[in-house]
Amino acid sequence: MNKTLEGKIAVVAGGTRGAGRAIALALGEQGATVYVAGRSTRGNPSPMQRPETIEETAEEVTARGGQGIPVRADLTVPEDAEALFARVKREQGGRLDILINDIWGGDMLMDWGKPFWQQSLSQGLQMQKQAVSAHLISAYYAAPLLASGDKGLLIEITDGVGYKFRGNLFYSLAKISAVHIAEGLAEELKPHGVTALSLTPGFLRSEAMLDHFGVTEANWRDAAAQDPHFIASETPAYIGRAVAALAADPNVARKNGLSLSTWALSEEYDFTDADGSRPHWGRYFAATFPGQDGQA
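Residues numbered from 1 in each chain as written. Predicted model: local features only at pLDDT ≥ 70, side-chain atom pairs only at ≥ 80, totals over all residues. Heavy atoms only, no water.

Draft legend 1. Representation of the environment of Arg 283. For Arg 283, the location among the structural elements is in helix α9 (residues 281-288). Sequence separation of Arg 283 and Ala 224 is 59 residues, and the distance between their C-alpha atoms is 18 Å. In this structure the side chain of Arg 283 is engaged in a polar contact, spanning 3.1 Å, whose partner is the side chain of Glu 267. (Helix = DSSP H or I, 4+ residues; strand = E, 2+ residues; numbered from the N terminus. Polar contact = N/O pair within 3.5 Å; in protein donor to acceptor, adjacent residues only side chain to side chain.)

Draft legend 2. Representation of the side chain of Glu 52 in the model. The residue Glu 52 is located in the loop between β2 (33-38) and α2 (54-63) in this model. At a separation of 2.9 Å, a polar atom in the side chain of Glu 52 contacts the side chain of Arg 17. A polar contact is formed between the side chain of Glu 52 and the side chain of Arg 50, at a distance of 2.7 Å. Aside from chain neighbours lying at most four places away, what touches Glu 52 is Thr 16, Arg 17, Arg 21, Ser 40 and Glu 207. (Contact = heavy atoms within 4.5 Å.)

Draft legend 3. Representation of the packing of helix α1 (residues 18-29) against α2 in the model. Their axes nearest at 8 Å, the elements α1 and α2 cross at an angle of 25°. Of the possible angle classes, the one that applies to α1 and α2 is roughly parallel. With respect to the hand of their crossing, α1 and α2 are arranged in right-handed fashion. Touching Arg 21, Ala 24, Leu 25 and Gly 28 of α1 are Glu 56, Thr 57, Glu 60 and Val 61, all from α2. A breakdown of the residues in the contact of α1 with α2 according to their chemical character gives three nonpolar, two polar and three charged. (Axes fitted to C-alpha atoms, helices over the stretch in contact; angles between N-to-C directions. Parallel < 35°, antiparallel > 145°, perpendicular 65-115°, else oblique. Left-handed = near helix turned anticlockwise from the far one by under 90°. Nonpolar A, V, L, I, M, F, W, Y, C, P; charged D, E, K, R; others polar.)

Draft legend 4. Structural view of the packing of aromatic side chains. Applying the stated criterion across every chain, the model contains 12 aromatic pairs. Pairing Trp 104 with Tyr 171 gives two aromatic rings, centres 5.7 Å apart and planes at 80°, and the pair type is edge-to-face. Highlighted residues: Trp 104 in the loop between β4 (98-101) and α4 (121-147) and Tyr 171 in helix α5 (residues 169-189), separated in sequence by 67 residues. Accessibility expressed as a relative area gives 17% for Trp 104, which makes it buried. Members of the aromatic cluster, connected to one another through ring pairs, are Phe 203, Phe 213, Trp 220, Phe 230, Trp 281, Tyr 284, Phe 285 and Phe 289. The ring of Trp 104 carries Lys 175 above its face, with NZ or CZ at 3.9 Å from the centroid. Over the aromatic face of Trp 220 sits the side chain of Arg 205, whose NZ or CZ is 3.7 Å from the ring centroid. (Phe/Tyr/Trp six-rings, centres within 6.5 Å; stacked < 30°, edge-to-face > 60°. Buried < 20%, exposed > 50% of the residue type's maximum accessible area, 1.4 Å probe, protein only. Lys NZ or Arg CZ within 6 Å of the ring centre and 35° of its normal.)

Draft legend 5. Quick look at α1. For α1, with 12 residues, the first-to-last C-alpha span of 17 Å sits near the 16 Å given by 1.5 Å per residue. Most of α1 sits inside the fold, with 11 of its 12 residues counted as buried. Inspection of α1 places Gly 18, Ala 19, Gly 20, Arg 21, Ala 22, Ile 23, Ala 24, Leu 25, Ala 26, Leu 27 and Gly 28 among the buried residues, and these make up the whole buried set. Of the residues one or two after α1, Gly 31 is the one with positive phi, at around 95°. (Expected span 1.5 Å × (residues − 1).)

Draft legend 6. Expanded view of the pairing of strand β5 (residues 153-157). Here β5 lies mainly inside the structure; five of its five residues are buried. Burial along β5 is two-sided: Leu 153, Ile 155 and Ile 157 facing one way and Leu 154 and Glu 156 facing the other are all buried. Bridge analysis of β4 against β5 gives four bridges, and the strand direction is parallel. Considered in β5, the bridge of Leu 99 is made with Leu 154. Considered for its hand, the β-α-β crossover made up of β4, α4 and β5 is right-handed. Strand direction decides the pairing type here: β5 and strand β6 (residues 195-200), joined by five bridges, are parallel. In the sheet register, Glu 156 faces β6, and the bridge partner there is Ser 198. Assessed by its sense of winding, the connection that carries the chain from β5 through α5 to β6 is right-handed. (Pairing = 2+ DSSP bridges. Right-handed = clockwise from strand over helix to strand, strands pointing away.)

Draft legend 7. Layout of the sheet that holds β6. Overall, parallel pairing links the seven strands, which are arranged β3-β2-β1-β4-β5-β6-β7 in an open sheet. Looking at strand neighbours, the two that pair on one side only are β3 (67-72) and β7 (259-261), the edges of this open sheet. For this sheet, the mean inter-axis angle between neighbouring strands, taken without regard to orientation, is 20°. Judged from the six bridges that link them, β2 and β3 form a sheet pairing that is parallel.

Have a look at this one:
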C-alpha cells in the first residue's frame, strides 16, 4: 500500500471510539503517527462507561502500519490539552501536521423528547463544554504547532452541513459551533498555510448506535425495523477514509473554511464504505424529507 501520509504527525482528539477511532485507523493505514487522545483508558473508563479505550485505538493504528500513541486527556481541562500538545512538540521536534477535533461524549446528555426549556440546563451546558469549549481548547494549544509547520490541516467533526437547525437547541448549538469554529480558524490560520474545515458523516453506525439498536455490524439492517432511516447509515470507516483523502490531497487548501460531508467527498475522491457501498445520506435525506434542506 502506498503510504501517502508517512512521516505526518496527527492528533485525533476524541479518538476512543466511533468516528474518532476510524479516523485514527485510516490515518495509521496511510503511515501517519497518530496521538490518540481521550478519557477512556484500560481500567478507567469515561463517564460514558463504554468498553472502548484509547489504548485499543492506538494499538490498532500501529497494527495497520502507522504509529499509535495513546494519551489520556480530558480536553475540557486546559491543563490536559496543554500537556498533550507540549508532549507532541517535545517528541516530534515541534511538528504537528494534522489535528482532528472529534470530542463529543454528549449522548448521555441528550433529551430529544422535550422542548429546550424543559430539558436539564446543567446537561445542556455540559454538552457545550464537551463539544464546543473542548474543541476551542484543543485548537488553542494545537494552533502554534500547526502554524509553525508546512500545510497543516485542522478538521472539526460535526453533525450536518452548514447552519440549519438540528432538531434540538442544545445539540444544534454544539454541532453548528464546530462549523463556525472551522470557518473562524480558516481565516486566522490561512496566513500560516493551515487549512481548517468541518466534516460530517451521515447516519453513523457507531459501536454505541449498534448497541442502542441491539444489533451488530453483521445484522445491522435488522435495526431498520426500529428506525427505517438506519437503512441509509454508514460505518465509521467512511468518515475515516474521507479524512485520509483530505489529508493526502495536495490541494486541500481549496476547501479552507468549507462545511463538507462524507457522501460528497466519496464521489470526489472515489472511496467507499467498509463494505464497498457508497452511502449518500444527503440524497436520502432530500428524498425522505422534501423541503427540509438541512443535511445535504
